[in-house]
Amino acid sequence: MKIKPIYIVNFLFIIIVIALLFSPLRKVLEKMQSTNAQSQFSTIDKLSDQQYSIDLKGVNTQDVNFKEFKGKKIFLNYWGTWCPVCVEEMPEIQKLYEKKKNEIQFVLIYMKDDRASVEQYLRKNNYSFPVYEAVSPIDAALLARAFPTTFLIDEKGNVKEKIEGARDWAQLNF
């Protein structure tokens, strides 16, 4: 019986995949992958002075630099009108804002959206929390990789929590 070349190729492919999955080479590949990911989107525990330097153009509030919030509790949220999960959590964020606006600085930054859509959305829903457009670069560690993403930052610049996705904000202990 003669073995077809396609069977040999398939067999070799399977052997290579198994070798990659169950060999020391796998650990090397994982380390390379995680190093690249960490350098681009590392986790963040505390904001540096440089990370506070973000120029923000107000949509329904005045323009400001994020560093003006340094030394205060900050609710930093990345969202967009195109994001159904973001839209879903906005009524809860509005309630939280009305309850805690004297204790916490609310900074909601819209992403991948156009200003006119954001303005219309805020008016239509009577939202009063401050919304901004970032007009200077944001450090990769502080950027959202999923929407919505919220950072809870304490007065010392420590990131107390990073929440990817929606949350019931009625019970915020911060």
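Residues numbered from 1 in each chain as written. Predicted model: local features only at pLDDT ≥ 70, side-chain atom pairs only at ≥ 80, totals over all residues. Heavy atoms only, no water.

Novice: Explain the overall build of the protein to me, using residue names and the numbers behind them.
Specialist: Each helix and strand counted, the protein has 5 helices and 7 strands in total. When each of the 174 residues of the protein is scored for burial, the buried share is 37%. Carbon and sulfur atoms provide 54% of the accessible area of the protein, an area that totals close to 11000 Å². (Helix = DSSP H or I, 4+ residues; strand = E, 2+ residues; numbered from the N terminus. Buried < 20%, exposed > 50% of the residue type's maximum accessible area, 1.4 Å probe, protein only. Areas by Shrake-Rupley, 256 points an atom, 1.4 Å probe, with all protein chains shown as cover.)

Novice: Explain the pairing of strand β3 (residues 74–79) residue by residue, including any values.
Specialist: It is a general feature of regular strands that their side chains alternate between the two faces of the sheet. Buried residues dominate β3, accounting for 6 of its 6 residues. When β3 meets strand β4 (residues 105–110), the two strands line up parallel, connected through 6 bridges. Bridging across to β4, Leu-76 finds its partner in Val-107. Pairing of β3 with strand β6 (residues 149–153) involves 5 bridges; the strand directions are antiparallel. Counterpart to Asn-77 in the pairing with β6 is Thr-150. (Pairing = 2+ DSSP bridges.)

Novice: Tell me about the pattern of salt bridges, and name the residues and values.
Specialist: Going through the model one piece at a time under the given rule, you end up with 8 salt bridges. Between Lys-160 and Asp-154 there is a salt bridge, with its nearest N and O atoms 4.0 Å apart. Of the residues examined, Lys-160 reaches a relative accessible area of 55% and is grouped as exposed. Across the pair Arg-167 and Glu-161 runs a salt bridge, and its minimum N-O distance is 2.4 Å. You can call Glu-161 partly exposed: its relative accessible area is 30%. The network of salt bridges with common partners includes Arg-115, Glu-119 and Glu-133. (Salt bridge = Lys/Arg side-chain N within 4 Å of Asp/Glu carboxyl O.)

Novice: Describe in detail the sheet that holds β3, supporting the description with residues and values.
Specialist: Spatially, the 7 strands line up as an open sheet ordered β2-β1-β5-β4-β3-β6-β7, and their pairing is mixed. Looking along the sheet, the strands with just one partner apiece sit at the ends: β2 (64–65) and β7 (159–164). Looking at chain direction, β4 and strand β5 (residues 131–134) are connected through 2 bridges and run parallel. In the sheet register, Leu-108 faces β5, and the bridge partner there is Val-131. Seen against the sheet, helix α5 (residues 115–125) touches β1 (55–58), β3, β4 and β5 and runs at an angle of roughly 170 degrees to β5. (Contact = heavy atoms within 4.5 Å. Axes fitted to C-alpha atoms, helices over the stretch in contact; angles between N-to-C directions.)

Novice: Go over the pairing of β7 with me, naming the residues and quoting the values.
Specialist: Direction of pairing for β6 relative to β7: antiparallel, over a ladder of 5 bridges. By the bridge assignment for β7, Thr-150 is matched with Ile-163. Hairpin connection of β6 to β7: 5 residues between the antiparallel strands, including Gly-157 at a positive phi of 90 degrees.

Novice: Kindly report on the packing of aromatic side chains, identifying the contributing residues and their values.
Specialist: Tallied over the full model, the rule gives 10 aromatic pairs. Measuring from centroid to centroid gives 6.0 Å for Phe-66 and Phe-69, while their planes differ by 70 degrees, and the two rings are edge-to-face. According to the relative accessible area criterion, Phe-66 is buried, its value standing at 1%. Residue classification places Phe-69 among the buried positions, given a relative accessible area of 7%. An aromatic cluster of at least three residues, connected via ring pairs, comprises Phe-75, Tyr-97, Phe-106 and Trp-169. Geometry around Phe-174 places Lys-73 over its ring, the cationic atom sitting 5.2 Å from the centre. (Phe/Tyr/Trp six-rings, centres within 6.5 Å; stacked < 30°, edge-to-face > 60°. Lys NZ or Arg CZ within 6 Å of the ring centre and 35° of its normal.)

Novice: Quick one: what's the story with the environment of Asp-55, residue by residue and with numbers?
Specialist: Position of Asp-55 relative to the elements: it lies in strand β1. Placed 11 residues apart in sequence, Asp-55 and Phe-66 show a C-alpha to C-alpha distance of 6.4 Å. When residues no more than four places from it in sequence are discounted, the contact partners of Asp-55 are Val-64, Asn-65, Glu-133, Ala-134, Val-135 and Ser-136. There is a polar contact of 2.7 Å between the side chain of Asp-55 and the side chain of Asn-65. (Polar contact = N/O pair within 3.5 Å; in protein donor to acceptor, adjacent residues only side chain to side chain.)

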